[in-house]
Each structure stands twice: as C-alpha cells, then as structure tokens.
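What follows is each chain in one-letter form.
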Amino acid sequence: MLKRKKANKSNYYFDSFPVLAHYSVECGEMILDFMNNFDQSKLEEIKTSVHLIEHKADDLKHEVTAKLLTEFMTPIDREDIFALLKLIDDVTDAIEEISLKLYLYNYSELPHNTVKFTELTLECMKKMEECLKHFPDYLNRELFEPYIMEVVHLEEASDAEYIEDMHHLYLTEVDGFKRHKAEAMYTMLEDVSDRCREVCRFVQNIAFKNI
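A. How the structure looks around the pattern of salt bridges. Applying the stated criterion across every chain yields a total of 15 salt bridges. Among the salt bridges present, the one from Asp80 reaches Lys209, with a minimum N-O distance of 2.6 Å. Of this pair, Asp80 sits in helix H3 (residues 78-104) while Lys209 sits in helix H6 (residues 176-209), and the two are 129 residues apart along the sequence. Between Arg197 and Glu155 there is a salt bridge; the shortest N-O distance is 2.8 Å. Of this pair, Arg197 sits in helix H6 while Glu155 sits in helix H5 (residues 141-172), placing them 42 residues apart in sequence. In this structure Arg197 comes out as partly exposed when scored by relative accessible area, which is 25%. For Glu155, a relative accessible area of 3% puts it in the buried group. Through salt bridges with shared partners, a single ionic network connects Lys86, Asp90, Asp191 and Arg195.

Laid out in structure tokens, this is it:
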C-alpha cells in the first residue's frame, strides 16, 4: 500500500465503490415509487424487481473481490477494500429487506409517515454514494469531510424520525399486528440509514490511516 499519495481517480476499486452504492439508491428509488403509488396487489412484483437489482450488486461485489484476490498492489489496504465492499453490500441488503417484508407481512396499507421516512432514507443513500464518488480525494479533508458529515446528519435525522414515528405508533395503534408491522417498517428504514453512516465512518477511518 502506498502512503501519502492521492488515490488515482481512474482506479478500478475507487470507481467500483460508488457503482455498488448506486445499486442501493436504485433499490431505494424503486421502493419509494412503490410507496407513493401503493398497491397491495403488486407486493410480489416489487419484491422481485428489487431483488434483481440486489443480484446485480452481488455480481459486481464478487467481481471486485475476485480481482482483489489476484492484485499485487492496491491503492489502500486489501483488508479495507474487502471490508468496505461488505459494508456497501449491507446497505443494499438492508433496503432489499424492506421489499421482502412488505411481501412477507402482506402489508395492506403503509404505516404513518412511511413515505416521508423512506424519502429521508433514500437521501441518506444518495449522499453515501456521493461520498464514495469523492473518496479518491480523501487526502483533501476540507473537500472530503463535508460529504461524510452530510450522511452523519441525515442518519441523525433518521434517528429523530424513528423516535417520533414510534412514539406516534404507540400512542395511536391498538391493533397488535398492525403495530408490529409498523414497528418493523420504521426499524428497517432506520437500519438503512445506520448502515450508510457505517460506510462513511469506515471511509473516514481509511482516510485517517493513510494521511
């Protein structure tokens, strides 16, 4: 690993990270569109559509991992590349989980504020993608740090949304199964934002290691 050298912007690994993140964004956009036009009869369709995107993300992750195993020199530690690939994949898996649970629990309606919460979650994923696009500039802290902080602030907003929605849920919903489904939805959405923050914090740690 080369220290104190700015990452090459055309490097295969740095190019692959935001592409992987964009698969998460695609899943999020598809789910948000479904929620804005909610139709219970299309629950299986959204599950299948999102899974196809997640499968493409898995294929790319496996491709990058295979290249990593044969690479003699890498722009950052091999272990860090592998760990970052997994963290980005975790975001895609977390957003896919929403489409899967929509189908498994057979939601007939969306819980209170689900669309608003999903919009916030999608924005967090988009900012994570933006952060990864600028990862090659990690040695320029003034340029790079703001992208990390945008994700941190959105994750904090997601935490606040989760608290308020859960509070509203336990004040207003008496049906046990509806409460369970609503709690599951809020928890899944908040988990996606948490995982976006984990990606960006890990990228920040990589930057500190390589200063």
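B. Main features of the packing of helix H1 (residues 12-36) against helix H2 (residues 43-70). Between H1 and H2, the least distance of the axes is 10 Å, while the angle of their chain directions is 175°. Between H1 and H2, the interaxial angle falls into the category roughly antiparallel.

C. Quick peek at the packing of aromatic side chains. Across all of its chains, the model carries ten aromatic pairs by this definition. Between Phe34 and Phe38 the ring centres are 5.5 Å apart and the planes differ by 65°, which places this aromatic pair in the edge-to-face class. We classify Phe38 as partly exposed; its relative accessible area is 25%. Here Phe135 and Phe144 contribute two aromatic rings whose centre-to-centre distance is 6.1 Å and whose plane-to-plane angle is 20°, an arrangement assigned as stacked. Across the pair, Phe144 and Phe135 agree in class, each one buried. Every member of this aromatic cluster is reached through a ring pair, and the members are Phe14, Phe17, Phe135, Tyr138 and Phe144. Above the plane of the ring of Tyr103 lies Lys47, whose end atom (NZ or CZ) is 4.9 Å from the centre. Residue placement shows Lys181 over the ring face of Tyr107; its charged tip is 5.2 Å from the ring centre.

D. A look at the nonpolar core. Within the largest apolar cluster, 64 residues are counted, with the highest numbers of intra-cluster contacts made by Phe17, Leu84, Ile98, Met128, Leu132 and Phe135. Elements with a contribution of two residues or more to this core: H1, H2, H3, helix H4 (114-133), H5 and H6. Sort the elements by how many residues they give to this core and H6 lands first, with 14 residues. Sequence-distant contacts of Ile98, that is, excluding residues within four places in its chain, are made with Ile31, Met35, Met185, Met188, Leu189 and Val192.

E. Quick peek at the environment of Tyr103. Structurally, Tyr103 can be placed in helix H3. Considered as a pair, Tyr103 and Leu43 are 60 residues apart in the sequence and their alpha carbons are 5.1 Å apart. Setting aside chain neighbours within four positions, we find Tyr103 in contact with Leu43, Glu44 and Lys47.

Conventions adopted
Residues numbered from 1 in each chain as written. Predicted model: local features only at pLDDT ≥ 70, side-chain atom pairs only at ≥ 80, totals over all residues. Heavy atoms only, no water. Salt bridge = Lys/Arg side-chain N within 4 Å of Asp/Glu carboxyl O. Helix = DSSP H or I, 4+ residues; strand = E, 2+ residues; numbered from the N terminus. Buried < 20%, exposed > 50% of the residue type's maximum accessible area, 1.4 Å probe, protein only. Axes fitted to C-alpha atoms, helices over the stretch in contact; angles between N-to-C directions. Parallel < 35°, antiparallel > 145°, perpendicular 65-115°, else oblique. Phe/Tyr/Trp six-rings, centres within 6.5 Å; stacked < 30°, edge-to-face > 60°. Lys NZ or Arg CZ within 6 Å of the ring centre and 35° of its normal. Core = buried A, V, L, I, M, F, W, Y, C linked by side-chain atoms within 4.5 Å. Contact = heavy atoms within 4.5 Å.

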